[in-house]
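# Analysis of the macromolecular model
Spelled out from the first residue to the last, the chains are:
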Amino acid sequence: NLKLAQILRPTSDVQSLKVIIDKEWITESDGQPKIPDTKIFDSIFELVDVWCPNINAEEYRAFLEAVRFRMRYDGQKDHTAYDVLTG
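Residues numbered from 1 in each chain as written. Predicted model: local features only at pLDDT ≥ 70, side-chain atom pairs only at ≥ 80, totals over all residues. Heavy atoms only, no water.

When you go through the protein chain residue by residue, the secondary structure sums to 4 helices and 0 strands. Secondary structure elements of the protein chain occur, N-terminal to C-terminal, as α-α-α-α. The buried share of the protein chain, taken over its 87 residues, is 22%. Residue pairs at least 24 apart in sequence account for 35% of intrachain contacts in the protein chain once pairs closer than 6 positions are excluded. (Helix = DSSP H or I, 4+ residues; strand = E, 2+ residues; numbered from the N terminus. Buried < 20%, exposed > 50% of the residue type's maximum accessible area, 1.4 Å probe, protein only. Contact = heavy atoms within 4.5 Å.)

Next up on the list: the pattern of salt bridges. Tallied over the full model, the rule gives 3 salt bridges. Between Lys39 and Asp30 there is a salt bridge, and its shortest N-O distance comes to 3.6 Å. Look at Lys39 and you get partly exposed, because its relative accessible area is 22%. A salt bridge links Arg61 to Glu58; the nearest nitrogen and oxygen atoms lie 2.1 Å apart. Of this pair, Arg61 and Glu58 both sit in helix H4 (residues 57-72), 3 residues apart, which is roughly one turn of that helix. Residue Arg61 is classed as partly exposed on the basis of its relative accessible area, which comes to 38%. Owing to a relative accessible area of 45%, Glu58 belongs among the partly exposed residues under this scheme. What you see here is one network of salt bridges that share partners, running through Glu58, Arg61 and Glu65. (Salt bridge = Lys/Arg side-chain N within 4 Å of Asp/Glu carboxyl O.)

Packing of helix H3 (residues 37-51) against H4 brings their axes to within 10 Å, and their N-to-C directions diverge by 105°. Taken together, the axes of H3 and H4 are roughly perpendicular relative to one another. Residues Ile44, Phe45, Leu47, Val48, Asp49 and Trp51 of H3 lie in contact with H4, whose contacting residues are Tyr60, Phe63 and Leu64. (Axes fitted to C-alpha atoms, helices over the stretch in contact; angles between N-to-C directions. Parallel < 35°, antiparallel > 145°, perpendicular 65-115°, else oblique.)

As structure tokens, then:
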């Protein structure tokens, strides 16, 4: 999802993000047109685990809430989009 990629990497250009997204899609979907429901949870967990510095349920929850907020309020020009663990 380009919108999610722009939230997580706000200073990256769209073309670079599309290349990353395409590569990840092939990996996550096993080349299929959609990700199987059984793999969605694993994909979300992997995303959160990569972006959170600690293995901590509260950090994971805070990260997901911050991402959800930023997706809802698209257009917000906040370059600390992924910095959910400070403040």
